[in-house]
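# Structural features, examined
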Amino acid sequence: GNNSRYGKTWKISCYIVGMETCIPKILPHPPMVKVMGPIMDQTTEMFAKWYCSLKSLASIDVSVLNAFVTKYRPVEHEEGLKKHIDGTRVDGSAIVALPSAEKWEGGELLVWDGKPQQEFEYKMKPGDILFMDNGVWHQANSISKGTRWALVIFMKLRNPKSYGSSKVLTTATPLASKTVA
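One structure accompanies this document, and this report is about it.

This part covers the environment of Ser-63. Within the fold, Ser-63 resides in strand E2 (residues 57-72). Relative accessible area serves as the criterion here: at 37%, Ser-63 is assigned to the partly exposed category. Along the chain, Ser-63 and Phe-154 lie 91 residues apart, while their C-alpha atoms are 8.7 Å from each other. Apart from residues no more than four positions distant in its own chain, Ser-63 is found in contact with Phe-154, Met-155 and Lys-156.

For the rest of this paragraph, the subject is the packing of aromatic side chains. This model, assessed by the stated rule, comprises 7 aromatic pairs. Here the aromatic rings of Phe-47 and Phe-131 are separated by 5.5 Å at their centres, their planes lie at 80°, and the arrangement is edge-to-face. In this pair, Phe-47 sits in helix H1 (residues 30-55) while Phe-131 sits in strand E8 (residues 128-133), placing the two residues 84 residues apart along the sequence. Across the pair, Phe-131 and Phe-47 agree in class, each one buried. Centroid distance Trp-50 to Phe-131: 5.5 Å. Interplanar angle 35°. Geometry classified as tilted. Taken together, the residues span a long stretch of sequence, with Trp-50 in helix H1 and Phe-131 in strand E8 at a distance of 81 residues. For Trp-50, a relative accessible area of 14% gives the class buried.

What counts, and at which threshold
- Residues numbered from 1 in each chain as written.
- Predicted model: local features only at pLDDT ≥ 70, side-chain atom pairs only at ≥ 80, totals over all residues.
- Heavy atoms only, no water.
- Helix = DSSP H or I, 4+ residues; strand = E, 2+ residues; numbered from the N terminus.
- Buried < 20%, exposed > 50% of the residue type's maximum accessible area, 1.4 Å probe, protein only.
- Contact = heavy atoms within 4.5 Å.
- Phe/Tyr/Trp six-rings, centres within 6.5 Å; stacked < 30°, edge-to-face > 60°.

Structure, rendered in structure tokens:
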């Protein structure tokens, strides 16, 4: 209901941070915030370091637009997500593979990136993190058995500073990266 962007028809995500502009308004789920908030914060810090390295920046301010935990099961409309981009207001994304009591099969992440565009497949294990720049096409393949959990974070970036100056950089090129925590 109030902890999902899609109301009662969307049963696979629970929100830690909801975008202020979403209609209906998404309410954070307090127990999820308590448990996943520190992991979200650590992942956001890691993303900032990755992004600065990728773009040769001294620093960048990162804020969370939207964060949620998604549960994939081999049930219609809950087994995966089709090819998509995370949104026009999303400057970067992180996907964290979470532990599950049930072993799952399938659920690989496909990412289309680069010039010429190439397809990459990531078989995420609990603790793995996938970072993506803005505008990167990706999908979560369907799972065929078990339950797969993922923390997804959409970020907004501000005030990129290059080394040795306060110059603001405005260019961005899509890139994805997998990190093992």
